[in-house]
Amino acid sequence: MLSGTVLSILLIAMTPLLGGIFGLLLLFQIGRGWLEGVIQPVILSVQARAVGRHQQRAVVGLRQTGQRLSSILIPPAMGWLADRFGTIDSFLIYGVFMLPLCGMLGLIMHCLKQPASGNGRGC
């Protein structure tokens, strides 16, 4: 799931580097759409299994809130970046900002999966 998200971010961030070649833009968009179509059901499935029946509505509400918040905040932020640094650089800045967040999330997942043991090799 995380690797698909990273690949989607890379496809978005690399968009201005394609030089406006329609075939490549179409290929990247098809790839990103396919990834989203695969990742979204996995996310819903993981969320549904992670909590009990009595918390299902809270998880759905939290996911919806996150999606709405990002749909409200990201477009103005990207617009500000495009005005400040230019369109091409705004895509690259987006990638440079989002990829480390994915790395931190991966590290957190790794630490949660393997709790610290007595040998001092925990996170």
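Let us look at the overall build of the protein. Helix and strand content of the protein: four helices and zero strands. The linear arrangement of helices and strands in the protein, starting from the amino end, is α-α-α-α. For 123 residues, the compact-globule formula gives about 14 Å, and the C-alpha radius of gyration of the protein, at 18 Å, lies well above that figure. Each principal axis of the C-alpha atoms in the protein carries an extent, and together these give about 50 × 40 × 30 Å. Counting every atom, the protein has about 9,000 Å² of accessible surface; 69% of that belongs to carbon and sulfur.

What follows is about the environment of Leu25. If you trace the backbone, Leu25 turns up in helix 2 (residues 22-50). With a relative accessible area of 30%, Leu25 lands in the partly exposed category. Sequence spacing of Leu25 and Leu73 is 48 residues, and the spatial spacing of their C-alpha atoms is 25 Å. Setting aside residues no more than four positions away along its own chain, Leu25 makes contact with Thr15, Leu18 and Gly20.

We now examine the pattern of salt bridges. Overall, the coordinates contain one salt bridge when judged by the stated rule. Notably, a salt bridge pairs Arg32 with Glu36, separated by 3.2 Å at the nearest N-O pair. Here Arg32 and its partner Glu36 are both found in helix 2, four residues apart, which amounts to about one turn of the helix. Judged by relative accessible area, Arg32 falls into the partly exposed class, the value being 21%. With relative accessibility at 39%, the residue Glu36 sits in the partly exposed group.

For helix 3 (residues 56-85), with 30 residues, the first-to-last C-alpha span of 42 Å sits near the 44 Å given by 1.5 Å per residue. For helix 3, the secondary structure elements touched by its buried residues are helix 2 and helix 4 (87-113). Downstream of helix 3 by one or two residues, Gly86 has phi in the positive range, about 100°.

In this model, helix 2 (29 residues) spans 41 Å end to end at C-alpha, consistent with the 42 Å of a helix rising 1.5 Å per residue. Looking at helix 2, one finds that the buried residues are Phe28, Leu35 and Ile39. Contacts made by the buried residues of helix 2 are with helix 1 (2-13).

This brings us to the packing of aromatic side chains. Applying the stated rule across the entire model yields one aromatic pair. Where Trp80 meets Phe85, the ring centres are 6.2 Å apart and the plane angle is 85°; that geometry is what we call edge-to-face.

How each quantity is defined
Residues numbered from 1 in each chain as written. Predicted model: local features only at pLDDT ≥ 70, side-chain atom pairs only at ≥ 80, totals over all residues. Heavy atoms only, no water. Helix = DSSP H or I, 4+ residues; strand = E, 2+ residues; numbered from the N terminus. Rg over C-alpha atoms; globule rule 2.2 N^0.38 Å. Areas by Shrake-Rupley, 256 points an atom, 1.4 Å probe, with all protein chains shown as cover. Buried < 20%, exposed > 50% of the residue type's maximum accessible area, 1.4 Å probe, protein only. Contact = heavy atoms within 4.5 Å. Salt bridge = Lys/Arg side-chain N within 4 Å of Asp/Glu carboxyl O. Expected span 1.5 Å × (residues − 1). Phe/Tyr/Trp six-rings, centres within 6.5 Å; stacked < 30°, edge-to-face > 60°.

Geometry only, nothing functional implied.
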